Each structure stands twice: as C-alpha cells, then as structure tokens.
Amino acid sequence: MSPKHKKLSVAAVIFDLDGTLIDSIDIYFSIVEKTLERLNLPEVSRSRILAAAESEDFKWELVLPQDVLNRKEEIIDEAWAVIDEIAPQMFADNLDLIQGADGIVEKLSSNGLKIGLVTSTQRRYLETKMQPLKNVGVDTLFEVIITSDDVENRKPAPDPLIACARRLDLKPGNCVYVGDTATDIKAGKAAGMRTVGVLTGFDDYEALETENPDAIVNDIQNLLEVIEA
C-alpha cells in the first residue's frame, strides 16, 4: 500500500528513537529470545513477541507458557534481571542508524527547525542507544531529550511529548512527532501535535493507519517530502 503524504508546516520535529532513528527492532527480538533461553523457557514466535511489545509495558504473559503463570511475577523479575545483564552489550555490538537518519536530522536542523527526542527508553540506557547518532556527530542537534524517567505517564499518554514541546518553548501544535508505532501516533495526537509514521519499526502501514496520522512514509529519508521548513 502506498504511503500517504500531507505537507506539514511546523517549527519543530520530535523523533521517537527505536525503529525511527536507530535500527534496533531485531535486537529487541533477540533480547527476548535469549532471555527466554536463559530462563529455560520455550521459544515463541516473533509474532507473539511483537504482540507483547505493542504496549509500552511489555506484556510478558503473551510469551510465557501457561504452566509458569502461577508464578508470573517471579519469572518477570528474573526476565528483567537477565535483560539488564545482556541488553547493554547486545545494543553496543549490533546497533546502527536507520539509513539516512543522520542526513535528515542535519537537513531539518539546518533548515531552522528545532529537533527533539521522546523515547520510552530508560535514561540509564540512553547513552548506549544514542551512540550511533554520536558516531556521526548529530546527537548535539537534539535540543531536548525526554526519556521514560522524565515523566510520570509514558506513551501513549501525551505527557512526554508535551514536556518536550514545553522545553523547546513551543506549543504542541507547532510540532510534529515522528514514530514507528501506533502508540507513537496516538501519543502525538493526544498531545495536539502533527504526526508522521515511518515503516522501519514494529508496526506496518495498516497498524499505523488505524491512528490516522497526518502522513506515513517508507522511512525517515522521505520526511522532507512532508515537512515544510
């Protein structure tokens, strides 16, 4: 299905991180798979992992076998402990930019637009995830970065996006939020922002379209087709 475009006139572009600027989706799948293996739990399909990841809070009950659900909380605590152990190195070893992300961020900034970042990443993991952007020297172009630790309510609540707009000294209506999931689009619209979905992350065209974003593009390199500077 062809992506939809609508020309947007804004003063700031606020980006999601995973699946939008950094190519991290396969890493997430691998982290969950390795965690289940370490806990001696059965493999699950990536479609089930994807379903569990659709919420900002990972739904472990969708990937855990029925016979351990009676001690679900214990298993989940063990799973997060494994993830805390293995995730930083997996991201450090395998993380890369979405192709063209650096050039687009540079171009939008040089065109006079303010650049922000809103991510559900915890701040303790932010440095590792920002490394691909640091490697190409565009990390300094982000005037404001909001993590999951900076607000009480995470996406799809509008709180992190409103906080970002406030720190950029802009009204939400003068900003566009760019993300790869329906949750991103829902959060952006709830905040009163324009929204653009990109097809490089967790959700496909149909999932993004359910939230009726202003535009859907194949990848971040197509942003200049829809954002007026």
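Our subject is the structure that appears above.
For the structure given in this document, a descriptive report is provided here.

Reading the values: the criteria
- Residues numbered from 1 in each chain as written.
- Predicted model: local features only at pLDDT ≥ 70, side-chain atom pairs only at ≥ 80, totals over all residues.
- Heavy atoms only, no water.
- Helix = DSSP H or I, 4+ residues; strand = E, 2+ residues; numbered from the N terminus.
- Rg over C-alpha atoms; globule rule 2.2 N^0.38 Å.
- Buried < 20%, exposed > 50% of the residue type's maximum accessible area, 1.4 Å probe, protein only.
- Areas by Shrake-Rupley, 256 points an atom, 1.4 Å probe, with all protein chains shown as cover.
- Lys, Arg positive; Asp, Glu negative; His and termini not counted.
- Charge placed at Lys NZ, Arg CZ, Asp CG, Glu CD.
- Pairing = 2+ DSSP bridges.
- Axes fitted to C-alpha atoms, helices over the stretch in contact; angles between N-to-C directions.
- Contact = heavy atoms within 4.5 Å.
- Core = buried A, V, L, I, M, F, W, Y, C linked by side-chain atoms within 4.5 Å.
- Expected span 1.5 Å × (residues − 1).

1. Here's the deal with the overall build of the protein
Stage number 1. Assigned secondary structure in the protein consists of eight helices and eight strands.
Stage number 2. In terms of overall dimensions, the protein is globule-like: its C-alpha atoms have a radius of gyration of 18 Å, near the 17 Å expected for 229 residues.
Stage number 3. Overall, the protein is about 55 × 35 × 35 Å in size when its C-alpha atoms are taken along their principal axes.
Stage number 4. Here the protein holds 229 residues, and 48% of them are scored as buried.
Stage number 5. When the accessible area of the protein is evaluated, it comes to approximately 10700 Å², of which 44% is carbon and sulfur surface.
Stage number 6. Both charge centroids of the protein, one from 24 positive and one from 41 negative side chains, sit 5 Å from each other.

2. Regarding the sheet that holds strand β4 (residues 144-146)
Stage number 1. With respect to topology, six strands assemble into an open sheet ordered β4-β3-β2-β5-β6-β7, the strand pairing being parallel. A strand with exactly one partner marks an edge of an open sheet, and here the two such strands are β4 and β7 (215-217). Put simply, the sheet's adjacent strands are angled 20° from each other on average, direction ignored.
Stage number 2. Of the strand pairs in this sheet, strand β2 (residues 12-15) and strand β5 (residues 175-179) are connected by four bridges, and their pairing is parallel. Within the sheet, the bridge partner assigned to Val 13 lies in β5 and is Val 176.
Stage number 3. Running at roughly 160° to β4, helix α6 (residues 159-167) makes contact with β2, β3 (114-118), β4 and β5 of the sheet.

3. What to know about the nonpolar core
Generally speaking, nonpolar side chains in soluble globular proteins are found buried as a group.
Stage number 1. In terms of nonpolar packing, the biggest core is built from 57 residues, with Phe 15, Leu 21 and Leu 223 touching the most fellow members.
Stage number 2. Top element by residues in this core is helix α3 (residues 72-94). It accounts for nine residues.
Stage number 3. Formed by 17 residues, the second largest nonpolar core is a distinct cluster that contains Ala 12, Val 144, Leu 161 and Cys 175.

4. Looking at the environment of Thr 181
Stage number 1. With respect to the helices and strands, Thr 181 occurs in the loop between β5 and α7 (182-190).
Stage number 2. Among the residues examined, Thr 181 registers a relative accessible area of 12% and is labelled buried.
Stage number 3. The contacts of Thr 181, once residues within four sequence positions are left out, are Phe 202, Asp 203 and Leu 208.

5. Regarding unusual backbone geometry
Stage number 1. A cis amide bond, omega 15°, links Lys 155 with the succeeding residue Pro 156.
Stage number 2. Tracing the backbone shows Pro 156 in the loop between β4 and α6.
Stage number 3. Although it is not a glycine, Asp 169 adopts a positive phi angle of roughly 60°.
Stage number 4. Structurally, the position occupied by Asp 169 is in the loop between α6 and β5.
Stage number 5. Unusually for a residue other than glycine, Asn 212 sits at a positive phi of about 55°.
Stage number 6. Relative to the elements of secondary structure, Asn 212 occurs in the loop between α8 (205-209) and β7.
Stage number 7. By relative accessible area, Asn 212 is classed as partly exposed at 45%.

6. Describing helix α1 (residues 25-38)
Stage number 1. The end-to-end C-alpha separation of α1 is 20 Å, in line with the 20 Å expected for 14 residues at 1.5 Å each.
Stage number 2. Within the span of α1, buried status applies to Ile 25, Ile 27, Phe 29, Ile 31, Val 32, Thr 35 and Leu 36.
Stage number 3. Looking at the buried positions of α1, the neighbouring elements they touch are α2 (46-53) and α3.
Stage number 4. Asn 40, located one to two residues past α1, shows a positive phi value of around 60°.

Keep in mind these numbers describe shape, not what the thing actually does.
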